Protein chains: 2
Amino acid sequence: MLTNPRADRVKSVRALSRRSVRSRTGEFLAEGPQAVREAVRFAPDDVRDVYVTPEAAERHTDIVDAARARRLWVHEVTPEVLAAMCDADHPQGLAAVCRWAGPDLDAALAALPPDAIVCVLTNVRDPGNAGTVIRGADAAGADLVVVSDASVDVRSPKVVRSTVGSLWHLPVVTDVPIPTILEALRARGIRLLAADGSGQTLLPDADLQGAHAWVMGNEAWGLAPEVREACDEVIRVPIHGHAESLNLAMAATLCLYASAEARHRQR
Amino acid sequence: MLTNPRADRVKSVRALSRRSVRSRTGEFLAEGPQAVREAVRFAPDDVRDVYVTPEAAERHTDIVDAARARRLWVHEVTPEVLAAMCDADHPQGLAAVCRWAGPDLDAALAALPPDAIVCVLTNVRDPGNAGTVIRGADAAGADLVVVSDASVDVRSPKVVRSTVGSLWHLPVVTDVPIPTILEALRARGIRLLAADGSGQTLLPDADLQGAHAWVMGNEAWGLAPEVREACDEVIRVPIHGHAESLNLAMAATLCLYASAEARHRQR
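Looking at the overall build of chain A
Each helix and strand in chain A was counted, giving 12 helices and 11 strands. Computed over the C-alpha atoms, the radius of gyration of chain A is 20 Å, within 12% of the 18 Å expected from 2.2 N^0.38 for a compact globule of 267 residues. When its C-alpha atoms are laid out on the principal axes, chain A stretches across 60 × 35 × 35 Å. In chain A, which comprises 267 residues, the share counted as buried stands at 55%. Partitioning the intrachain contacts of chain A with sequence separation of at least 6 by distance along the chain shows that 81% fall at a separation of at least 24. Within the structure as shown, chain A displays about 11600 Å² of accessible surface, and the carbon and sulfur contribution to it stands at 47%. Charged side chains of chain A number 29 positive and 35 negative; the gap between the two group centres comes to 4 Å.

Section: the side chain of glutamate 38 of chain B
Residue and element names in this part refer to chain B. With respect to the helices and strands, the residue glutamate 38 is situated in helix H3 (residues 33-42). Overall, glutamate 38 belongs to the buried group, its relative accessible area being 4%. In this structure the side chain of glutamate 38 is engaged in a polar contact, spanning 2.5 Å, whose partner is the side chain of histidine 169. Setting aside residues up to four positions removed in sequence, glutamate 38 forms contacts with Ala43, Gly165, Trp168 and His169.

Some words on the packing of aromatic side chains
All names here are of chain A. Evaluation of the coordinates by the stated rule reveals four aromatic pairs over all chains. Centroid distance phenylalanine 28 to tryptophan 100: 5.7 Å. Interplanar angle 70°. Geometry classified as edge-to-face. On the criterion of sequence distance, the pair formed by phenylalanine 28 in strand S1 (residues 27-31) and tryptophan 100 in the loop between strand S4 (94-99) and helix H7 (105-110) is long-range, its members being 72 residues apart. A residue is classified by how much of its surface remains accessible, and phenylalanine 28, at 1% relative accessible area, is buried. In this structure an aromatic cluster arises from ring pairing among Phe28, Trp100 and Trp168.

Here we look at the sheet that holds S1 of chain A
Residue and element names in this part refer to chain A. Pairing in this open sheet of four strands is mixed, and the strands run S1-S4-S2-S3 from one edge to the other. Of all strands in the sheet, those with a lone pairing partner are S1 and strand S3 (73-76), marking the two edges. The sheet shows a mean angle of 20° between the axes of neighbouring strands, taken without regard to direction. Bridging between strand S2 (residues 47-52) and S3 involves four bridges; their strand directions are parallel. Looking across to S3, one finds that valine 52 is bridged to glutamate 76.

Some details on the sheet that holds strand S11 (residues 233-236) of chain B
Residue and element names in this part refer to chain B. Across the sheet, which stays open at both edges, the seven strands sit in the order S7-S6-S5-S10-S8-S11-S9 with parallel pairing between neighbours. The open sheet has two edge strands with one neighbour each: strand S7 (172-176) and strand S9 (201-202). Across two bridges, S9 lies against S11 in parallel orientation. Looking at the pairing, threonine 201 lines up with isoleucine 235 of S11. Seen against the sheet, helix H12 (residues 248-266) touches strand S5 (117-121), strand S8 (191-195) and strand S10 (212-216) and runs at an angle of roughly 170° to S10.

A look at the layout of surface pockets
One water molecule sets the probe size; rolling that probe over the atoms shows where empty space is left. Its boundaries defined by the atoms lining it, the second largest pocket holds a volume of some 770 Å³. Together, 30 residues line the second largest pocket, and Ala258 and Glu261 of chain A together with Ala258, Glu261 and Arg265 of chain B are the ones closest to its centre. Along the lines of polarity and charge, the residues of the lining of the second largest pocket split into 22 nonpolar, four polar and four charged.

A closer look at the interface of chain B and chain A
A common way to state how big an interface is: give the accessible area lost once the parts meet. Contacts between the two partners involve 29 residues from chain B, matched on the other side by 29 residues from chain A. At the boundary of chain B with chain A, total buried surface from both sides reaches about 2400 Å², with 65% on carbon and sulfur atoms. The largest share of the area that chain B buries against chain A comes from Arg135, His242 and Met250 of chain B, three residues that together contribute 23% of it. The interface formed by chain B and chain A holds 14 residue pairs in polar contact (both at pLDDT 80 or more) in total. Elements with a minimum of two residues in the side of chain B that touches chain A: H3, helix H8 (127-139) and H12 of chain B. For the side of chain B that touches chain A, the residue count by class is 13 nonpolar, 12 polar and four charged.

Concerning the pattern of salt bridges
All names here are of chain A. Scanning the model with the defined rule gives 36 salt bridges over all chains in all. For the salt bridge of aspartate 196 with arginine 228, the shortest nitrogen-to-oxygen distance reads 3.6 Å. Taken together, the residues aspartate 196 in the loop between strand S8 (191-195) and strand S9 (201-202) and arginine 228 in helix H11 (residues 225-230) connect sequence positions 32 residues apart. The class of arginine 228 is partly exposed, set by a relative accessible area of 23%. Connected through salt bridges with shared partners, the residues Arg9, Glu27, Arg48 and Asp49 form a single ionic network.

How each quantity is defined
Residues numbered from 1 in each chain as written. Chains lettered and ligands numbered in written order. Predicted model: local features only at pLDDT ≥ 70, side-chain atom pairs only at ≥ 80, totals over all residues. Heavy atoms only, no water. Helix = DSSP H or I, 4+ residues; strand = E, 2+ residues; numbered from the N terminus. Rg over C-alpha atoms; globule rule 2.2 N^0.38 Å. Buried < 20%, exposed > 50% of the residue type's maximum accessible area, 1.4 Å probe, protein only. Contact = heavy atoms within 4.5 Å. Areas by Shrake-Rupley, 256 points an atom, 1.4 Å probe, with all protein chains shown as cover. Lys, Arg positive; Asp, Glu negative; His and termini not counted. Charge placed at Lys NZ, Arg CZ, Asp CG, Glu CD. Polar contact = N/O pair within 3.5 Å; in protein donor to acceptor, adjacent residues only side chain to side chain. Phe/Tyr/Trp six-rings, centres within 6.5 Å; stacked < 30°, edge-to-face > 60°. Pairing = 2+ DSSP bridges. Axes fitted to C-alpha atoms, helices over the stretch in contact; angles between N-to-C directions. 1 Å grid on protein atoms, 1.4 Å probe; cavity = no way out; pocket = protein on both sides within 12 Å on 5 of 7 lines; lining within 4 Å. Points joined across faces, edges and corners; volume = space filled by probe spheres on them. Nonpolar A, V, L, I, M, F, W, Y, C, P; charged D, E, K, R; others polar. Buried area = accessible area lost by both parts, 1.4 Å probe. Salt bridge = Lys/Arg side-chain N within 4 Å of Asp/Glu carboxyl O.

Right, here's the structure in full:
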């Protein structure tokens, strides 16, 4: 049982809340039962250490048993130690140090089905938005999320929390410049659909057959003109009332679900 | 120019961040240019006082001019005074004290079109979720939002902020017990559709013709069984990937946009 909140090991886990430390170590922290459960279930090879309080170990025997069955290190810690490790106010007794093993872009593209649905995030800055888009992409059955290099770090505690485990459910490629992303998708024959309020085509009228990628921009200022122009089509979610816009996560979810529905009808 | 952050007037505005004060006074605070602009534009009779810093008055002449044209009180304040009034970290130089003039349920129902789209929120507790649902309802062209009495106060600063002005765009009825809401809707011939993961009907297969209301539950535990059973149909947003669920705002937006699309095809 780890009992000292000021121990070096505790400090080194807590340091993973800093982007520079995550970059240097290639590790990040999954906080809370949902995130730890999905990490253990979907990517056990990437889980380095599981930390659990005695109370959480009793409540979440499924997670602890699954971790032990996969021969992962499971460490009992006091609630004070866990609180000192975590960024979350209420980590609910569980956290896991994970390696970041997102695939590289070429490998991820090579694994796509012929009717792939891809979500590309460019210059997304809000952690909650980024995480919610990844969760929505997972729910819509998207095959890949690609996050451009000028975006929020998807391994940051807030993004990881707001994905609610989806970070481990589908491949997420990060840190690629947006021109490289668009070129690589195009080279694979994947149509590029810009989601943007300036689009002439309304979402319900869009042709969503075949492999395509939704290219989503920044929360506040949308897509950069050069990115929009590099896409094959610009598509707009209709606004029926007086709202000026939808937020990024809602727009992305509507687009990705429209794709899912088109694919479902086709298959 | 108001310059004293400790003046009684400043304190009484700041007190509106407390639910008890909002209930007693019937007033609440709109913070930031977007909220103030929409309040002045869509509900000038409900705006009691506009507070603006000199810098914001220069930047947002449209808002200040519109407020003065409607003979509203516009008070210049220092940035320190505005900060002392507001709950937001960055109110961006503008705030307005507004009266709450949501219609009562019967009046709101009487004003609905024959193919009305209604959104009912029960036991919703997270302010960001509630506000984002109202924004999504606005964008989808919904005709009415009804919030049950056991929910977050939609006049709280966080909800108001996350509606990004939509609070003034469509009628929002609050503080009605859920059985009363369901009875009143039913008496008007409005079909009740529970949005719930237990539904047998998938959203793309749902019949969304004619007047109907989406009944949405709590973020964590969904709809209470008695509410679900009181509805005419239980409808589920399909989950194609490994995600356990969507968040409330995403699920509500998908349902309301499906309704909007059905109405658009019918009209």
